[in-house]
Amino acid sequence: MPSSKTDQTTHAETARPKRPRLRRPIGFAVGALVVVAVALVLLRPRIAEVFAIRRDASLARALVSEGRYNDARSPLVRWLKARPESPEALALLARSMLGVGLVDQAIPVRRRAEAVGYSFAPVEREWALNLVKAGRASLAEPTLKALVAEGSPPDPAVDEALARYYMGTSQDREALKVLARWRVDDPAAALPYLWDAVLGQRADKGPEVLINDYEQALKRDPSLDEARVGLAIQLLDQHQTAEARDLLVAYLGRKPDDAAARASLGKALAELGDEPGAIRELDRAMALDPRNIEAPMTRAKLELRSGRLQSALDYVDRAIAIDPGESDPRFTRSMILGRLGRTAEALAERKVTDRLRADDLEIRALRRALAHAPRDVGLRLKIAQWLLDHDHPDEAKSWAEQVAKDVPASPQANRLLALYHTRKGNPGLARYYALKAGDDSLPAQK
């Protein structure tokens, strides 16, 4: 008997029961979303940290590359707090420290960066130039020399840094070589010619050479006042007085309080016969700088010209009080005393003059010897000692400090610095340098 329709339907439903098509996918998706949400909640701090580190790293790179070293400090500190051994972060911190002059702190940080794999090769030029700016050019010299080696590309900034270092350490021959390269690397630069003139004066080059150097410097930079004044002084020495006067007047229009230039203008006006103008400028120079020695000496010569011997002697005595070790005022004093009939005093002053001239020959000989052996520590210390003994304490200090930087354990350099600070009334610093020199007590003043 054939099955009924109802039977067929029941069989079909029994044979292939219906499945809920939507429930499983929805349930799976909801579960997955829950897992993702939980993961996001758990990982959110980690993700935020990663983005914060990337933000600080990007900011630190940009600030260091722009030379904004102080601004870079905060992002670098945060970066290193999160990643203490990051080679790049350590390297950028070292560069930023050096950029603000913290040499002694920067060097160990650099070593730490190198220890964890950072190479400073791409930034050695920047590192060396910043060492120079921080006053530690001796540490930069090897890199600077490599950068100006034969065949290297032009780099006026490196030329300037290396020339400045050589001049500051009396390595005049090396400085002249670098200045020659600098003139080729940057034909429009004025400073190489100005510094050539400075070295030319040290080497007693003729006035024609010095005048040419100053003129070449001014041709390239008419605003370079140091060259203008230097040229005026050379012209004045060659009795090209009117030209010297014009240069000085133009300069003093911009820098009216330059006592040395005022004194030179007074000398020029005196030679041109303008005594009232000369006296005005010389008196102004003495008021601006009581330590200027040229003004009272020129004033003394004006008094001598007019026969005012006692007044001339007063001005010479003023010059001697400024620098007792200068021989020219002593010679002038002996001459005035002779004209005043004070023969015994004149003879005594002449003996002092002869001694001072011998001292002058001694320091000139030391400087010439140093030009041939600029790294000779013994010669540099002898010059420092001479300067201290002859009442040039600040210059002596500078020479002793140069030696102490190159040879920190030098007993003589530290002893000189101790004596300097003793004379200046700085007992704490005097004690510090005395201990570095290995002395148990402060040096006695001489």
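Residues numbered from 1 in each chain as written. Predicted model: local features only at pLDDT ≥ 70, side-chain atom pairs only at ≥ 80, totals over all residues. Heavy atoms only, no water.

A.B. asks: Teacher, can you tell me more about the overall build of the protein here?
C.D. replies: Looking only at helices and strands, the protein features 23 helices and 0 strands. Counting only residues that meet the buried cut, the protein has 39% of its 446 residues in that class. For the protein, long-range pairs separated by at least 24 residues make up 46% of all intrachain contacts whose partners lie at least 6 apart in sequence. (Helix = DSSP H or I, 4+ residues; strand = E, 2+ residues; numbered from the N terminus. Buried < 20%, exposed > 50% of the residue type's maximum accessible area, 1.4 Å probe, protein only. Contact = heavy atoms within 4.5 Å.)

A.B. asks: Could you clarify how one ought to interpret unusual backbone geometry in this entry?
C.D. replies: Note on backbone geometry: most residues besides glycine have negative phi, and most peptide bonds are trans. Within the chain, S170 stands out as a residue other than glycine whose phi angle is a positive 60 degrees. Along the chain, S170 turns up in the loop between α8 (156–168) and α9 (172–185). Of the residues examined, S170 reaches a relative accessible area of 13% and is grouped as buried. Look at D204: it is not a glycine, yet its phi comes out positive at around 55 degrees. Positionally, D204 belongs in the loop between α10 (191–202) and α11 (207–220). Overall, D204 belongs to the exposed group, its relative accessible area being 56%.

A.B. asks: How do you make sense of the nonpolar core when you look at a structure like this?
C.D. replies: General note: in soluble globular proteins, nonpolar side chains tend to be found buried as a group. Core analysis: the biggest nonpolar cluster contains 94 residues, and L76, W79 and L144 have the highest contact counts within it. Those residues in contact with L76, other than ones at most four positions away along the chain, are A60, V64, A89, L92, L93 and S96. Judged by nonpolar contacts, the second largest core, of 22 residues, contains W386, A400, V403 and A434. (Core = buried A, V, L, I, M, F, W, Y, C linked by side-chain atoms within 4.5 Å.)

A.B. asks: Would you explain the pattern of salt bridges in this entry?
C.D. replies: A side chain of one charge can pair with a side chain of the opposite charge when the charged atoms of the two come close. Tallied over the full model, the rule gives 39 salt bridges. Here D155 and R125 are joined by a salt bridge, their closest N and O atoms 2.6 Å apart. Highlighted residues: D155 in the loop between α7 (137–147) and α8 and R125 in helix α6 (residues 124–133), separated in sequence by 30 residues. The shortest N-O distance in the salt bridge between R308 and E303 comes to 2.7 Å. Overall, the relative accessible area of 34% leaves R308 in the partly exposed class. (Salt bridge = Lys/Arg side-chain N within 4 Å of Asp/Glu carboxyl O.)

A.B. asks: Where do I start with the packing of helix α21 (residues 393–406) against helix α22 (residues 411–423) in this structure?
C.D. replies: Two quantities define a packed helix pair, namely the angle between the axes and the distance from one axis to the other. For the pair α21 and α22, interaxial distance at closest approach is 9 Å and the crossing angle is 150 degrees. Considering the angle they form, α21 stands roughly antiparallel to α22. Note on packing geometry: the crossing formed by α21 with α22 is left-handed. Contacts between α21 and α22 pair P393, D394, K397, A400, E401, V403 and A404 from the former with A413, L416, L417, Y420 and H421 from the latter. (Axes fitted to C-alpha atoms, helices over the stretch in contact; angles between N-to-C directions. Parallel < 35°, antiparallel > 145°, perpendicular 65-115°, else oblique. Left-handed = near helix turned anticlockwise from the far one by under 90°.)

A.B. asks: Quick question: what am I supposed to make of the packing of aromatic side chains here?
C.D. replies: Where two aromatic rings form a pair, the distance of their centres and the angle of their planes describe that pair. Per the counting criterion, the structure on display carries 5 aromatic pairs. Their ring planes at 75 degrees and their centres at 5.1 Å tell us that Y118 and F120 sit as a pair that is edge-to-face. Classification of Y118 as partly exposed rests on a relative accessible area of 21%. Ring centres 5.5 Å apart and planes at 65 degrees place the aromatic pair W182 and W195 in the edge-to-face group. Here W195 lies in helix α10 and W182 lies in helix α9, a separation of 13 residues in the sequence. Across the pair, W195 and W182 agree in class, each one buried. Positioned above the aromatic ring of F120 is the side chain of R110, whose terminal nitrogen or guanidinium carbon lies 4.3 Å from the ring centre. (Phe/Tyr/Trp six-rings, centres within 6.5 Å; stacked < 30°, edge-to-face > 60°. Lys NZ or Arg CZ within 6 Å of the ring centre and 35° of its normal.)

A.B. asks: Can you walk me through α6 in this structure?
C.D. replies: Residues lying three or four places apart along an α-helix face the same way, a consequence of the helix completing one turn every 3.6 residues. Within the sequence span of α6, burial applies to W127, A128, L129, N130, L131 and V132. Considering only its buried residues, α6 is in contact with α3 (69–82), α4 (87–99), α5 (103–115), α7 and α8. Within two residues after α6, G135 carries a phi angle of roughly 80 degrees, on the positive side.

A.B. asks: Help me understand the side chain of R181, please; the structure alone is not making it clear to me.
C.D. replies: Take R181: it is sitting in helix α9. When residues no more than four places from it in sequence are discounted, the contact partners of R181 are L147, V148, A149, S152, P153, P154, D155 and D159.

A.B. asks: Would you mind showing me how to read α11 here?
C.D. replies: Here α11 spans 20 Å end to end across 14 residues, near enough to the 20 Å set by a 1.5 Å rise per residue. Those residues of α11 that are buried are in contact with α10 and α12 (225–237). (Expected span 1.5 Å × (residues − 1).)

A.B. asks: What am I meant to see in the packing of helix α13 (residues 241–254) against helix α14 (residues 259–271) here?
C.D. replies: It is the contact of α13 with α14, at a shortest axis distance of 9 Å, that shows an interaxial angle of 145 degrees. For the pair α13 and α14, the crossing hand works out as left-handed. Contact with α13, carried on its side by T241, R245, L248, V249, Y251 and L252, involves A261, R262, S264, L265, A268, L269 and E271 of α14 and no other residues of that element. Class assignment for the residues of the contact of α13 with α14 results in 8 nonpolar, 2 polar and 3 charged. (Nonpolar A, V, L, I, M, F, W, Y, C, P; charged D, E, K, R; others polar.)

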